[in-house]
Amino acid sequence: YKPFFEAMVAEIGAAIGVPRSLILMSFDKSYSASRGEVLLAWVFFLAKRTHIAVNLCQPTYERWLDEAVATGKIAAPGYFNSLIIRKAYRGSAYEQWTGPTRPAFNELQEAKANEANHKMGVKSLTEITSALTGREWKKGNDQINQENKIKSPDVEQTVELELKRQAELRGE
């Protein structure tokens, strides 16, 4: 029975683009082979995710937004007057529907590869951040800068300045 079952799983996997070991969650080959299988499957998963985002999620969101603006639930000046303004409000399916990120097998090795790709101009920080975390680079960078200010040796001074600034804003 086992050879028949494994042959069927291999056939099903080949038909849907997912390796047998990933379907069975049985990584009994070498590290490199297992990593290669997961990366091949990731290409399939990413294509399916993009297809669903572009053909289901984004159109559904756009219809919902159209109705919400038309009924006045959401204020969006110029929404129905200009296609460019409407597209700006709607956003891009490729950026809005990110989903989970690809699993990392060796984070240090992948970080070095990302650093090299960025230095060569192959990948932007936005692409790297989106692939690793699913977030926007600017938001993450702003958060990191904020955290670094807090971690600095002048924390007490920073806190005192912030308290003074807030007091001035309140008129004290």
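To keep things clear, this report deals only with the structure shown in the data block. (Residues numbered from 1 in each chain as written. Predicted model: local features only at pLDDT ≥ 70, side-chain atom pairs only at ≥ 80, totals over all residues. Heavy atoms only, no water.)

Here's the deal with unusual backbone geometry
We apply this condition: Under the DSSP-based scheme used, a helix requires at least four consecutive residues in state H or I and a strand at least two consecutive residues in state E, with every element numbered from the N terminus.
Despite not being glycine, Met25 shows a phi value in the positive range, around 55 degrees. Mapping Met25 onto the fold places it in the loop between helix 2 (20-24) and helix 3 (31-70).

Brief notes about the packing of aromatic side chains
Two measures describe an aromatic ring pair: the distance that separates the ring centres and the angle between the ring planes. Our working rule: Put simply, two rings from Phe, Tyr or Trp (the six-membered ring, in Trp's case) pair if the centres are within 6.5 Å, and we call them stacked under 30 degrees between planes, edge-to-face over 60, tilted for the rest. The classification of residues rests on relative accessible area computed with a 1.4 Å probe and restricted to protein chains. Under 20% of the type maximum is buried, over 50% is exposed, and intermediate values are partly exposed. Here, a charge over a ring means that NZ of Lys or CZ of Arg falls within 6 Å of the ring centre while also lying within 35 degrees of the ring normal.
Counted by the stated rule, this structure contains 5 aromatic pairs. The interplanar angle of 20 degrees and the centroid separation of 6.2 Å between the aromatic rings of Tyr1 and Phe5 together place this pair among those described as stacked. Measuring from centroid to centroid gives 5.8 Å for Tyr79 and Tyr89, while their planes differ by 55 degrees, and the two rings are tilted. Placement of Tyr79 in the loop between helix 3 and helix 4 (83-90) and of Tyr89 in helix 4 is noted, with a sequence separation of 10 residues between them. Looking at Tyr79, the relative accessible area reads 1%, which means it is buried. For Tyr89, a relative accessible area of 35% translates into the label partly exposed. Three or more aromatic residues link up through ring pairs in this structure, and these residues are Tyr79, Phe80 and Tyr89. Seen from the ring of Tyr79, Arg86 lies directly overhead, with NZ or CZ sitting 5.9 Å from the centre.

Brief notes about the side chain of Asn114
Short version of the rule: Pairs of residues are marked as contacts when any of their non-hydrogen atoms sit within 4.5 Å.
By secondary structure assignment, the location of Asn114 is in helix 6 (residues 107-120). Taking relative accessible area as the criterion, Asn114 reaches 12% and is therefore assigned buried. Sequence-distant contacts of Asn114, that is, excluding residues within four places in its chain, are made with Lys123, Ile128 and Leu132.

What to know about the layout of surface pockets
If a probe as big as a water molecule is rolled over the atoms, it shows which places are left empty. As a reminder, the rule being used: The rule is simple: put a 1 Å grid over the protein atoms alone, call a set of points where a 1.4 Å probe fits but cannot get out a cavity, call an open set with protein on both sides within 12 Å along at least five of seven lines a pocket, and count a residue as lining if it has an atom within 4 Å of a point. Grid points are joined across faces, edges and corners, and a volume is the space filled by probe spheres set on the points. Under the scheme applied, nonpolar residues are Ala, Val, Leu, Ile, Met, Phe, Trp, Tyr, Cys and Pro; charged residues are Asp, Glu, Lys and Arg; polar residues are all the others, including Gly.
Roughly 670 Å³ of internal volume is contained in the largest pocket. Along the walls of the largest pocket sit 29 residues, with Trp42, Glu127, Ser130, Ala131 and Leu132 positioned nearest its centre. Breaking the lining of the largest pocket down by element, the ones donating at least two residues are helix 3, helix 5 (93-96), helix 6 and helix 7 (125-133). Considering each element in turn, the lining of the largest pocket owes the most residues, 7 residues, to helix 3. Along the lines of polarity and charge, the residues of the lining of the largest pocket split into 14 nonpolar, 8 polar and 7 charged.

Looking at a nonpolar patch on the surface
Which entries qualify depends on this criterion: Patches draw on residues past 30% relative accessible area with no salt bridge. Two like charges within 9 Å are joined, as are two nonpolar side chains (Val, Leu, Ile, Met, Phe, Trp, Tyr) within 5 Å. Note that accessible areas follow from Shrake-Rupley with a 1.4 Å probe, and for residues the cover is restricted to the protein chains shown. Salt bridges, as used here, are contacts in which a Lys or Arg side-chain nitrogen is within 4 Å of a carboxyl oxygen on Asp or Glu.
A cluster of nonpolar side chains, contributed by Tyr1, Phe4, Phe5, Met8, Ile12, Ile16 and Ile23, occupies part of the molecular surface with about 750 Å² of accessible area. At 5 residues, helix 1 (residues 2-16) tops the list of elements feeding residues into the nonpolar patch. Residue Ile12 is classed as partly exposed on the basis of its relative accessible area of 47%.

Digging into the environment of Ala88
Of note, Ala88 is situated in helix 4. Residue classification places Ala88 among the exposed residues on the basis of a relative accessible area of 64%. Separated by 13 residues in sequence, Ala88 and Thr101 have C-alpha atoms that sit 25 Å apart.

Looking at the side chain of Thr129
Assignment of secondary structure puts Thr129 in helix 7. With near-sequence residues (within four places) excluded, Thr129 lies in contact with Gly134, Arg135, Glu136 and Trp137.

Section: helix 3
We count it as follows: To estimate how far a helix should extend, the number of its residues minus one is multiplied by 1.5 Å.
In this model helix 3 runs 55 Å from its N-terminal to its C-terminal C-alpha over 40 residues, within 8% of the 58 Å that 1.5 Å per residue would give. Among all positions of helix 3, only Ser34, Glu37, Val38, Ala41, Trp42, Ala53, Gln58, Glu62, Leu65, Asp66, Ala68 and Val69 are buried. Gly72 sits one or two positions beyond helix 3 and adopts a positive phi of about 85 degrees.

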